[in-house]
Amino acid sequence: MNNRYSRQRLFKPIGDEGQRKLEKAAVAVIGCGALGSAIAETLARAGVGHLHLVDRDVVEPSNLQRQQLFHERHAEEAVPKVAAAAQRLREIRSDMQLSLYMDHADGIVIEQLASKCDLLMDAADNFETRFLINDAAYKYNRPWIYGACAGGAGAVFPFVPGTSACLSCLLPALPSFNDTCDTAGIIGPAAQTTAALQCAEALKWLTGNGQALMKKVHHFDLWSNTRLDIGIGRIKRTDCPTCGERPSYPALSTTSQMKCTLLCGRDTVQIIPDRQRIVALDAVEQAERLADAIVRRTPYFLELQIGEHRIILFENGRVLIHGLKDVHQGRKLYRQLFG
Ligand SMILES: [Zn+2]
């Protein structure tokens, strides 16, 4: 495979030296949906040495329309996205290091990634996670590449600590992405274009071509054929809690106590127990009262049916309760089952 990267090395701004830099690079891909799949595949093919993939979900049939690393069997068997992605990525390239985190990307996980990786790729589907990435990136002095898409549109920007305003500074100036894939739908090309633009920025940074990075927030709409570049030079705030003179990293400072959230558009409540008090799968197996409720056991999770609720219990204690529209009900049911 000596000539594996020959076409990329021929590209002058990268060359042999840039290729060697890619081989030494570690990149975190936060989210393994449409953006994460496309980003991970592109960076793997480009020769990035070590990829860290984080995602909390399993593959579902509605993902297959755009999440390019997954196929029908992954959806039928409800394989966690990081495991399914890893299978495919190892087929594409066997000499890459892969670290997998089948977990909710909370402050603890994202800080860990920021401390180990050269670059963070935003493939999240919500702004809560992006603020965590933003805080962790500025705290550890790592660049991160924002990417968001919905419908037929997307937006991209590389945030580099020390040179650009951060997400908190410029949120008021960003195109509104209140719509999500669950509410506005999405076409595959919008995700692929967003991911492709993010990867171009990643290649620039990782190969030592930081001067070529985008200077403006790039927004595109493939359906209305519009492009917009938004200058943000004057937006940086000196009192910004993330990139200002006295940073407090507010997103990271939230507590690690049990967290209960309603997942957008899915009638599902997610519960992440306090990290000090993890309910392991073994403990659940011992609980005789739950044994009858187990409907499926995979290498990754237990699926339980309790009354009208389908409950997925992951090895690290994270729980998804389907068929709920209300966080309080979720918390109550969780306490009944797991104490
Ligand atoms: Zn800022």
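Please refer to the structure placed before this passage.
Residues numbered from 1 in each chain as written. Predicted model: local features only at pLDDT ≥ 70, side-chain atom pairs only at ≥ 80, totals over all residues.

1. What about the packing of helix H6 (residues 107-116) against helix H7 (residues 127-139)?
Next, step 1: One can describe the packing of H6 onto H7 by two numbers: an axis separation of 9 Å at closest approach and a directional angle of 35°. For the crossing formed where H6 meets H7, the hand is right-handed. Residues Gly-107, Ile-110, Glu-111 and Ala-114 of H6 pack against Leu-132, Ile-133, Ala-136, Ala-137 and Lys-139 of H7.
Next, step 2: Residues belonging to the contact of H6 with H7 are distributed by class as follows: six nonpolar, one polar and two charged. (Axes fitted to C-alpha atoms, helices over the stretch in contact; angles between N-to-C directions. Helix = DSSP H or I, 4+ residues; strand = E, 2+ residues; numbered from the N terminus. Left-handed = near helix turned anticlockwise from the far one by under 90°. Contact = placed C-beta atoms within 7 Å. Nonpolar A, V, L, I, M, F, W, Y, C, P; charged D, E, K, R; others polar.)

2. Section: the sheet that holds strand E10 (residues 268-272)
Next, step 1: Ordered by their spatial adjacency, six strands build an open sheet running E9-E10-E14-E13-E12-E11, and the pairing between neighbours is antiparallel. The sheet is open, and its two edges are formed by strand E9 (259-263) and strand E11 (294-297), each paired on a single side. Going across the sheet, the axis of each strand differs from the next one's by a mean of 20°, ignoring polarity.
Next, step 2: The pairing of E9 with E10 spans five bridges and is antiparallel. Counterpart to Lys-259 in the pairing with E10 is Ile-272. (Pairing = 2+ DSSP bridges.)

3. Observations concerning the packing of helix H3 (residues 34-46) against helix H10 (residues 188-206)
Next, step 1: Running from N to C, H3 and H10 cross one another at 40°; their axes reach a closest spacing of 9 Å. Taken together, the axes of H3 and H10 lie oblique to each other. Classified by chirality, the crossing of H10 by H3 is right-handed. From H3, Ala-34, Leu-35, Ala-38, Ile-39, Thr-42, Leu-43 and Ala-46 reach across to H10, where they touch Ala-191, Gln-192, Thr-194, Ala-195, Gln-198, Cys-199, Ala-202 and Leu-203.
Next, step 2: Across the contact of H3 with H10, the residue classes tally to eleven nonpolar, four polar and no charged. (Parallel < 35°, antiparallel > 145°, perpendicular 65-115°, else oblique.)

4. A look at H10
Next, step 1: Helix length check: H10, at 19 residues, gives a terminal C-alpha distance of 26 Å against a target of 27 Å (1.5 Å per residue), a fit within 8%.
Next, step 2: Burial analysis of H10 places 15 of its 19 residues in the buried class, the great majority of the element.
Next, step 3: Immediately beyond the C-terminal end of H10, within one or two residues, lies Gly-208, with a positive phi of roughly 80°. (Expected span 1.5 Å × (residues − 1). Buried ≥ 20, exposed ≤ 12 C-beta atoms within 10 Å, placed from the backbone.)

5. Here's the deal with the sheet that holds strand E2 (residues 50-54)
Next, step 1: Ordered in space as E3-E2-E1-E4-E5-E6-E7-E8, the eight strands form an open sheet in which the pairing is mixed. Edge positions in the sheet fall to strand E3 (97-101) and strand E8 (226-231), since each has one partner strand and no second. Sheet twist, expressed as the mean angle between neighbouring strand axes with direction ignored, is 15°.
Next, step 2: Bridging between strand E4 (residues 119-122) and strand E5 (residues 144-150) involves two bridges; their strand directions are parallel. When the sheet's bridge partners are listed, Leu-120 is paired in E5 with Trp-144.
Next, step 3: Helix H5 (residues 81-92) contacts E2 and E3 of the sheet and is inclined by roughly 165° relative to E3.
Next, step 4: Where H6 meets the sheet, its contacts fall on strand E1 (26-30), E2, E3 and E4, and the angle it forms with E1 comes to roughly 160°.

6. Side note on the pairing of E8
As a general feature of sheets, a regular strand has side chains that alternate between the two faces.
Next, step 1: Here E8 lies mainly on the outside; zero of its six residues are buried.
Next, step 2: Following strand E7 (residues 216-221), the chain reverses through four residues before pairing antiparallel with E8; Asn-225 in that reversal takes a positive phi of roughly 55°.

7. Description of the environment of Tyr-101
Next, step 1: With respect to the secondary-structure elements, Tyr-101 resides in strand E3.
Next, step 2: It is 9.6 Å that separates the C-alpha atoms of Tyr-101 and Ile-30, two residues lying 71 residues apart in sequence.
Next, step 3: Once residues lying within four places of it in the same chain are set aside, the contact partners of Tyr-101 are His-52, Leu-53, Val-54, Val-82 and Val-109.

8. Description of the environment of Lys-81
Next, step 1: Considering the arrangement of structural elements, one finds Lys-81 in helix H5.
Next, step 2: Judged by C-beta crowding, with 27 C-beta atoms within 10 Å, Lys-81 ranks as buried.
Next, step 3: Sequence spacing of Lys-81 and Gln-67 is 14 residues, and the spatial spacing of their C-alpha atoms is 9.7 Å.
Next, step 4: If sequence neighbours within four positions are ignored, Lys-81 has contacts with Cys-32, Asp-55, Asp-57, Val-58 and Val-59.

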